[in-house]
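A structural walkthrough
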Amino acid sequence: MKVALLGTVGVPSRYGGFETLAENLVRYHSRSALPALLTVWCSGKDNTEQPARFETADLRYVGLRANGVQSIPYDAISLWQAVRSGHDSILLLGVSGALALPLIRLISHARIITNIDGIEWKREKWKALARLVLRTSEWAAVRFSHEVIADNQAIADHVRDTYGSGCHVIAYGGDHALHHIGEAEAPEEIPDSYALALCRIEPENNVHVILEALDRLDIPLVFVGNWDNSDYGRELKARYSESPNIFLLDPIYDPDALYAVRARASVYLHGHSAGGTNPSLVEMMHFGIPILAHGCAFNQHSTEGKARYFQSADELAEQLRNLDTQDADRIAADMREIAQRKYTWGQIGKAYFELLDRA
């Protein structure tokens, strides 16, 4: 059997959640010595080095970027190449190329399995035309894929309620966040213990809510993000960079350095309000510390309702003031137990390849 994995920048992962998923699926394929022949499609624009293989996967390149407006032709071309080269099962990550699926179904007998991501069209950052394209692409993915994957039960509920279709719920692994090779140290300027937040600096991640709440308290906050990539980030950086208990760090890409920052945190603050099961949340659950998360349905499903939740700066500040040692220990233990039960790459890889094999 020949399996194609499409829709990411490529492997090894250097970008985001889908790339981390793709890399760990390849590693699972390699560790398990699976007989399927695996090919991963990669962006020729986003990868300056273009090796022919990674672990047990062949790599093929398309000369477009995998994100932004180019993601639509990038995924469509990848789909065309995958079916033309005789792949039996195709795993499409995201809905950017889904508008090509009706044609792909006409010309190929390949089984299409699509992870529809996080209801992208509902995100406030998209304007009207982009929302229309994304919503139509989601419909096409559900209508023309043989199997659909949701990474969160709330997304599965959306698919059922909107399209009358069932789908498979397969989340993300997070145990790779505990793996570190060296003894990298956290930045010298941050304290020995702190509340931690890390994310892309976007309004839907409620960065302003977390900063406003912690600015009222004496609790140290370390916040890691791409502050200089938007007016929103630059404005928040200018407003809070002088606060004595707030430490704003640029993105940390080195796994050992990121581990060092995470390992010293005493509580994790998760402001994401869109996008399904968020990789950074399930990664932090493995560290066994209390988590306070935005109260959206995605986060409540991911944490099985056992974290603490907030909607506003007032609620977050109040939750932190009232978090005693007994409650913190209970939440921390619950988060680790859920992570070890649901969010390991061994479990996730097994679920994906069982589905691909059935297809």
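Use the structure listed above.
Residues numbered from 1 in each chain as written. Predicted model: local features only at pLDDT ≥ 70, side-chain atom pairs only at ≥ 80, totals over all residues. Heavy atoms only, no water.

If you walk through the whole model with that rule in mind, you get 20 salt bridges. Salt-bridge contacts for arginine 216 lead to glutamate 212; the nearest nitrogen and oxygen are separated by 2.8 Å. Residue aspartate 327 is joined to arginine 308 by a salt bridge in which the shortest nitrogen-to-oxygen separation is 2.7 Å. With a gap of 19 residues between them, aspartate 327 in helix H12 (residues 325-342) and arginine 308 in strand E14 (residues 308-310) connect regions that are remote in the sequence. Looking at arginine 308, the relative accessible area reads 17%, which means it is buried. One connected set of salt bridges, linked through shared partners, spans Glu304, Glu337, Arg341 and Lys342. (Salt bridge = Lys/Arg side-chain N within 4 Å of Asp/Glu carboxyl O. Helix = DSSP H or I, 4+ residues; strand = E, 2+ residues; numbered from the N terminus. Buried < 20%, exposed > 50% of the residue type's maximum accessible area, 1.4 Å probe, protein only.)

For strand E5 (residues 89-93), the buried fraction is high: five of the five residues fall into the buried class. Burial of E5 is two-sided: the residues Ser89, Leu91 and Leu93 facing one way and the residues Ile90 and Leu92 facing the other way are all buried. As paired elements, E5 and strand E6 (residues 111-115) share five bridges and run parallel to each other. Each bridged residue has a counterpart across the sheet, and for serine 89 the counterpart in E6 is arginine 111. As a crossover connection, the stretch from E5 through helix H3 (residues 101-107) into E6 is right-handed. (Pairing = 2+ DSSP bridges. Right-handed = clockwise from strand over helix to strand, strands pointing away.)

With that settled, the discussion passes to the sheet that holds strand E3 (residues 53-54). Whenever strands of a sheet pair, they do so through backbone hydrogen bonds, lying parallel or antiparallel. The eight strands lie next to each other as E3-E4-E2-E1-E5-E6-E7-E8, forming an open sheet whose pairing is mixed. The open sheet is flanked by E3 and strand E8 (168-169), the only strands paired with a single partner. Summarising the sheet, E6 and strand E7 (residues 147-150) pair through three bridges and their orientation is parallel. Bridging from a neighbouring strand, isoleucine 113 pairs with glutamate 147 of E7. Those strands touched by helix H2 (residues 71-84) are strand E1 (2-6), strand E2 (37-43), strand E4 (57-62) and E5, and its axis lies near 150° from that of E2. (Contact = heavy atoms within 4.5 Å. Axes fitted to C-alpha atoms, helices over the stretch in contact; angles between N-to-C directions.)

What follows is about the state of the cysteines. In this structure the tally under the stated criterion is zero disulfides. Cysteine 199 forms no disulfide, and the closest cysteine sulfur to it belongs to cysteine 296, at a distance of 13 Å. Overall, cysteine 296 belongs to the buried group, its relative accessible area being 11%. (Disulfide = S-S within 2.5 Å.)

This part is about the environment of glycine 97. Along the chain, glycine 97 falls in the loop between E5 and H3. A sequence separation of 94 residues divides glycine 97 from proline 191, and the C-alpha atoms of the two residues are 45 Å apart. Dropping the residues within four chain positions of it, glycine 97 is found in contact with Ile72, Asp75, Ala76 and Leu79.

Following valine 11, the chain continues into proline 12 via a peptide bond in cis, with omega recorded as 0°. Here the phi dihedral of asparagine 206 falls at roughly 55°; this positive angle occurs in a residue that is not glycine. Relative to the helices and strands, asparagine 206 resides in the loop between strand E9 (194-198) and helix H6 (207-215).

The next thing to look at is the packing of H6 against helix H11 (residues 313-321). Here H6 crosses H11 at 50°, and the two axes come no closer than 8 Å. For the element pair H6 / H11, the angle class is oblique. The chirality of how H6 crosses H11 is right-handed. Contacts between H6 and H11 involve Val209, Ile210, Glu212, Ala213 and Leu214 from the former and Ala313, Leu316, Ala317 and Leu320 from the latter. Split into classes, the residues belonging to the contact of H6 with H11 amount to eight nonpolar, no polar and one charged. (Parallel < 35°, antiparallel > 145°, perpendicular 65-115°, else oblique. Left-handed = near helix turned anticlockwise from the far one by under 90°. Nonpolar A, V, L, I, M, F, W, Y, C, P; charged D, E, K, R; others polar.)

Honestly, that's just the spatial picture; any functional story needs more than this.
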